Each structure stands twice: as C-alpha cells, then as structure tokens.
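So you can see what is in the structure, the chains are spelled out below.
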Amino acid sequence: MEQLAFCPSRESHCMSAIRHALSIKREDDFAKWYQEVISAADMAEESGVRGCMVIKPWGFGIWERMQRLLDDRIKAAGVQNAYFPLFIPLANFEREAAHVEGFAKEMAVVTHHRLIADGDGGLIPDPEAKLEEPLVVRPTSETIIGDAMSRWVQSWRDLPLKLNQWANVVRWEMRTRMFLRTSEFLWQEGHTAHADEAEARVETMRALEMYRAFAEEDAAIPVIAGEKPENERFPGARETWSIEAMMQDGKALQAGTSHYLGTSFAEAANIRYQNREGGQELCHTVSWGMSTRMVGGLIMTHGDDDGLRVPPALAPFQIVILPMLRGKPEDAALLDYCEGLHAGLAGQSALGEPLRVLLDTRPGKAAGKRWDWVRKGAPIILEVGSRDMENGVVSMLRRDALWNAETGKPAFQNPARETAIDTISSILSDMQSGLFAEARERRDANITREIDNMEGLAEFFGEDRRYPGWAEVQWSKPTGEGLKAVEEQLKALKLTFRNVPMNTPPADGTCIFTGAPAVERIYVARAY
RNA sequence: CGGGGAGUGGCGCAGCCUGGUAGCGCAUCUGUUUUGGGAACAGAGGGUCGCAGGUUCGAAUCCUGUCUCCCCGACCA
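Bear in mind that the values here come from a model prediction, so they are computed numbers and not experimental data.

(A) Just the overall build of chain A, in detail. Looking only at helices and strands, one finds 14 helices and 29 strands in chain A. Taking 24 Å as the expected radius of gyration for a compact globule of 528 residues, we find that chain A reaches 26 Å, a close match to that expectation. On the principal axes, the C-alpha backbone points of chain A span a range of 80 × 60 × 60 Å. Expressed as a percentage of the 528 residues in chain A, the buried residues total 55%. Restricting the contact set of chain A to residue pairs at least 6 apart, pairs at least 24 apart contribute 70%. Computed over 61 positive and 78 negative side-chain charges, the separation of the two mean positions in chain A equals 3 Å.

See below:
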C-alpha cells in the first residue's frame, strides 16, 4: 500500500457521506487507481500485444490537444514539421557507438518481407524472403534524420536546420505501464543542426523552456527543469536536460527532454557545412522530445477519487451540456433551450481559443451520463432540466469543486443561463490556474532541502514513508567510477537522480555521498 | 528477463482443492411505476471459462506448453 505524498483534505471530514465515482481511492492503491482511471475515463485499453495499447477517443482527444498546443509552440520557434521513415537500415543505426549501445537491447527488427503457409493452416516468414540487411523499427530518429541532414546541409546558409516530426516509436520494454512506458508510443522529436556549439546550446535550452511552458501553462503540471547527471544522459548525448514532474504518490516523472548532442552524431552521419571562409565544419546537433507519457503524467497529477480532471486547455470538450430528457413532448422545448445555451457558449472563447462545447443528447439518463463525464474529467457539466428552463437557469457542476462538503452531494450551482454564458470563460481560466496551483502546492510541500547526509536521506525515504516526495541535496558531481559508487548508494534506497535544477543558489556544503565539497544541488527521488 | 499473482458475458468477482457441459453484483435491453436527480419492481439478452495440446465416458475444474495483464526485482532515452 503506497502512502500518498499529499491528500487533498477538502472532503476528508465527510468522506463517508460521499459516494465517489471510482471504486478505488488513490491512498489505498495508487497503481490500481491509475489503471481504474484509464478504464473508467475510457481513455485506453489493452490490445493483446505486449506493451501496446489502444488509445480510445477520449484519451486520444487529450493527446490531440497536447499535440496542437505543443505544435503551435514548435512552429512559433521556426521549426518545420517533416516525416521520416519508420524503418531504419541497421548499418545506418550502427554509426554512433554510444547510441547503439543504449538502444540495442530494446530494438524491434524486421528481417523478412513475405509470409508463406506453414502447411498447417498458419503463416511463417518465408525463408526465401529474408532481407539482405535487416531494418530496425525506429526507437528514435537521430540516425535517419542525420542521414537526411547530411544531404540537406551544404553551406552555412542552410543553417540552422530545424525539423520536427510527430511519429510513433518502438522500444522493446521489459516492463510496461499504460501511457507511462509502452513498447510503442507516440511523440514528437525535434532535430536541429547548428553552425556552432553556442547556437546549439541556445536551441537546447529553448526546447527545454518550451516544454516547461507547455507543461505548466497548458497541462497545468508544475515541473522542475534541469540537467541530467552523466549516468542519466541520452545515449550519445553531451548533455541531457529534462523537466521533472511530481506525481501524487511522490514519485518523479520525466516529462520531456532536450539533448545537446555535440558533433558526434554529425560525425557519424557526416553532417558538414562550408563556412564563410570556405572551410568544412561539423554541425552541432540537438534533439528534443515529449511523448504520450505526458498523458500518464496528467492522470497522476490531476486525477482524483472520482476519475480524471482534465485542465481546460487540454480538454477535448470543456463544457458538456446534459439535457434531462424524459422521452416526452416537453423534451422539444428543453432541447431548444439547450441549443440556445450551446449557441451562446459556442460564440465565446476561453484561454485564447473558441470554447469546445458538447451538447450530449445521446439517449440515457442524465444522471448516469453525468458520472461518465465526471470520470472523464470534463471541466464543466451543465445539467438542464425543465425547472431550470422555467427559471431561465442551468445547473452547473465544476469538476474541480465536485462535492458539497456539508451535504456530501454534488455541488451544483444555478446561475442564469445568460450569466453562465458570460462567465464560463473566466471559470475555465480559474480552473486552469487552480489545478496548476493545487499541483504546485502539493509538490512544494513534498520537497525537502534539509538533508545533508546519507542517514538523513535513508530516513526521509524510509519504509514508513515510502513515497514522501523529493530531496534536493548537495553533491560533488563525481564522474566515472565515483559516480557508479554513488549510484549504488542510491539504488540501495531505490532512488534515482532526477536533475540539477536551474536557477538555484550555488552549493555551499559537502557532498552527502562522498563528503567532498559540493559543487551543485541535485534532486533525488523514486521515479517512474 | 528472474520471482510471485492473475486471466470466467462490457466492468468487478464466485465456482477450481473434492471433474458431471456456468453463477452473482453492476452495466445493457423490454415493460410498468416513478421523476430535481448516481430511481424501484418485473422480465430478458449476452460467455466455445485467454489460446493450444493432453488425461478422461465427460474438463472452467487435473496435466503440459504458450500468450497477455498485475506486483516486486533487474533493465530502461
């Protein structure tokens, strides 16, 4: 049983009176709760193929919103979208040694191009149709995009070259979890080539800042941006930077990364340009990515005991109108009233975009449908019955303030229809910032900066408080064997380094691992 | 990939030890009565018990293999 880092206490004093929409509470079994949210919110399901999932419309709709908002940010940075092949020639992949080493263990390989009958009613790969050179299914595209870049970059005038692709990738994971670690996942990968190191580093940091802004402003997920230590770097990278988010069980989730690759990938793929003086120079390359893992982060950041709560910026539908139809002639007038509401809302905008409103007229009881939308996490539900119509009001339910603590019942408000139309935009804005503030408060309450020795660390992450959050500690940043020894110390406590946060005060103490003078501060946590 | 657990209608489970061709709750459908709210009652539909072999007169149940999922570990941009 995992202990929560922080339990919202808003409804705790009357918990018994509230009948939650899920059967499992976060505090009782966080892993099981996570799975129940995914199925109860109808986001995804198992596919029968190991580590692969079917993303259903509501889950994919959230991903599409993420794509849209991040894509806007990517394009605003002058990056162009393109698409590169799923299959990568093995030889192409072999060129960067550290990169190969990092991915070889989890690669899917295509070896045949035809099937034949096995004589027993089944099909087998045709031995006659073996590929001369096997193709690997991309686990990431540095190599194949580098190959293209080597052709596209000739002169300093071609630089910088900034590309991005939205694609699926495959990594043969040993242990999978829906959205968080699947064998196949969806992501975007940005790949840029630059004339020099300084410009490449600027791009590395630009992408990192873009992810921070996306996570915090669009997904309402507070993150810590920083540099990964040597042992957590992307295979082949000179530097790896990440944004790290704290989940409601206190574990860390890496939610986006940006890598300064130096010239090693340019060397491997021969990405060179002629400089102003006529000499040949290697490009400095950068890559950065964010994936469907972010959807998992969204669930574990904003979900509650009634299901998912989708921040308005990411909600496929921000407002769901539920007419309380009775299968009687009066329904026509009620529908008319709801269509007026729908039309009024459709003319509004929130968070810089037109409102996304659904008038849900599917057959079925309004009350039953209400709980479906609560579990899915639609930000605002507007139930409209005949009495609402007579009074010119609507019954409004905010997903971020679902319960009336006094009564233990859903906290309906009853604004006039026109008032609802006029104020809903600001309610959505409030909800967006409110979800972020709630998550940030929870995270900040579960970070400690007080630990200055290993005993303290062991105690902080002790068994009686299994997931207490993160510790920011000072360390001497050893490398090679020294770093390996520190990793062993962490492993014994089931901990990992997360990142070295930006903009923190300089180190002024001793390294909790080695006792040597510390050179920087680094986050330590359990992680997904 | 190692250790443990599990796969039975859409979801959650019982049955398995002690083989005799499947049951419960929720959901769904129909009808009636209700109706400001997660309705009640009655009836109905839906499962070759993950898959493949084997033992047996007979397998959800016993045996073998295999696939998938969950937990712990190893691994993991």
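(B) Region of interest: the pairing of strand E16 (residues 284-291). Within E16, eight of the eight residues are buried, which leaves the element mostly enclosed by the surrounding structure. Residues His284, Val286, Trp288 and Met290 line one face of E16 and the alternating positions Thr285, Ser287, Gly289 and Ser291 line the opposite face, and both faces are buried. Of the pairings in the sheet, the one linking strand E10 (residues 184-194) to E16 comprises eight bridges and is antiparallel in character. Bridging across to E16, His194 finds its partner in His284. As paired strands, strand E13 (residues 252-262) and E16 are joined by five bridges and run antiparallel to one another. In the strand pairing of E16, Thr257 is matched with Gly289.

(C) The arrangement of the layout of surface pockets in detail. Computed from the structure, the largest pocket encloses a volume of approximately 1,800 Å³. Of all the elements in the fold, those that place two or more residues in the lining of the largest pocket are helix H4 (97-103), E10, E13 and E16. Counted by class, the lining of the largest pocket contains 15 nonpolar, 15 polar and 20 charged residues. Among the domains, domain 1 (34-89 + 143-302) and domain 3 (448-525) are the pair contributing at least three residues each to the lining of the largest pocket.

(D) Highlighting a positive patch on the surface. Together, Arg326, Lys328, Lys365 and Arg387 give the surface a local cluster of positive charge. Residue position: Lys365 is located in the loop between strand E20 (357-359) and helix H10 (366-376). Assessed through its relative accessible area of 70%, Lys365 is described here as exposed.

(E) Quick look at the sheet that holds strand E3 (residues 80-81). Across the sheet, which stays open at both edges, the eight strands sit in the order E3-E9-E10-E16-E13-E12-E11-E28 with mixed pairing between neighbours. The sheet terminates laterally at E3 and strand E28 (500-501), the two strands that pair on one side only. In this sheet, E13 lies alongside strand E12 (residues 239-246) in antiparallel orientation, the contact comprising eight bridges. From the neighbouring strand, Glu244 faces E13, where its bridge partner is Gln254. Across the sheet, helix H8 (residues 293-302) is in contact with E12, E13 and E16; its angle to E13 comes to roughly 145 degrees.

(F) A look at empty space enclosed by the protein. Evaluated as defined, the whole model comprises three cavities of 30 Å³ or more. Size it by volume and the largest cavity reaches roughly 120 Å³. If you trace the largest cavity, you find 16 residues lining it, with Glu142, Thr143, Gly146, Phe265 and Ile271 closest to the centre. Mapped onto the lining of the largest cavity, the elements with two or more residues apiece are helix H5 (142-152), E10, helix H7 (264-269) and E16. Looking at the lining of the largest cavity residue by residue, the classes come out as eight nonpolar, six polar and two charged.

(G) The arrangement of the packing of helix H1 (residues 30-40) against H8 in detail. Here H1 crosses H8 at 115 degrees, and the two axes come no closer than 11 Å. In terms of their interaxial angle, H1 and H8 are classed as roughly perpendicular. Every pair of crossing elements has a handedness; the one defined by H1 and H8 is right-handed. For the pair formed by H1 and H8, the contact residues are Phe30, Trp33, Tyr34, Val37 and Ile38 on the first element and Gly296, Ile299 and Met300 on the second. Tallied by class, the residues present in the contact of H1 with H8 amount to seven nonpolar, one polar and no charged.

(H) Structural context of the protein's contact with RNA strand B. Arg19, Arg171, Pro235, Met324 and Arg387 are the nearest of the 39 residues found near RNA strand B. Near the protein, meaning within 4 Å, the atoms of RNA strand B are sugar or phosphate in a fraction of 42%, with bases accounting for the rest. Note that a sugar or linking oxygen of RNA strand B is positioned 3.0 Å from one of the side-chain N or O atoms of Arg326. Trp371 places a side-chain nitrogen or oxygen 2.9 Å from a base nitrogen of RNA strand B. When contributions to the surface near RNA strand B are tallied by element, the ones reaching two or more residues are H1, E13, H10 and helix H11 (386-391). In terms of residue count, the dominant contributor to the surface near RNA strand B is H10 (four residues).

(I) Layout of the sheet that holds strand E21 (residues 380-384). Across the sheet, which stays open at both edges, the four strands sit in the order E20-E17-E21-E22 with mixed pairing between neighbours. Of all the strands in the sheet, just E20 and strand E22 (395-398) have a single pairing partner and so form its edges. Taken pair by pair, the neighbouring strands of this sheet meet at an average axis angle of 20 degrees, ignoring direction. With five bridges connecting them, strand E17 (residues 319-323) and E21 associate as parallel partners. Among the inter-strand pairings, Val320 is bridged to a residue of E21, identified as Ile381. In the packing of H10 onto the sheet, the strands contacted are E17, E20, E21 and E22, and the crossing angle to E17 comes to about 170 degrees. Contacting E17, E21 and E22, helix H12 (residues 417-445) runs over the sheet at an angle of about 140 degrees to E21.

Calculation rules
Residues numbered from 1 in each chain as written. Chains lettered and ligands numbered in written order. Predicted model: local features only at pLDDT ≥ 70, side-chain atom pairs only at ≥ 80, totals over all residues. Heavy atoms only, no water. Helix = DSSP H or I, 4+ residues; strand = E, 2+ residues; numbered from the N terminus. Rg over C-alpha atoms; globule rule 2.2 N^0.38 Å. Buried < 20%, exposed > 50% of the residue type's maximum accessible area, 1.4 Å probe, protein only. Contact = heavy atoms within 4.5 Å. Lys, Arg positive; Asp, Glu negative; His and termini not counted. Charge placed at Lys NZ, Arg CZ, Asp CG, Glu CD. Pairing = 2+ DSSP bridges. 1 Å grid on protein atoms, 1.4 Å probe; cavity = no way out; pocket = protein on both sides within 12 Å on 5 of 7 lines; lining within 4 Å. Points joined across faces, edges and corners; volume = space filled by probe spheres on them. Nonpolar A, V, L, I, M, F, W, Y, C, P; charged D, E, K, R; others polar. Domains from an automatic or database assignment. Patch = residues over 30% accessible without salt bridge, like charges linked within 9 Å, V, L, I, M, F, W, Y side chains within 5 Å. Areas by Shrake-Rupley, 256 points an atom, 1.4 Å probe, with all protein chains shown as cover. Salt bridge = Lys/Arg side-chain N within 4 Å of Asp/Glu carboxyl O. Axes fitted to C-alpha atoms, helices over the stretch in contact; angles between N-to-C directions. Parallel < 35°, antiparallel > 145°, perpendicular 65-115°, else oblique. Left-handed = near helix turned anticlockwise from the far one by under 90°. Near = heavy atom within 4 Å. Polar contact = N/O pair within 3.5 Å; in protein donor to acceptor, adjacent residues only side chain to side chain.

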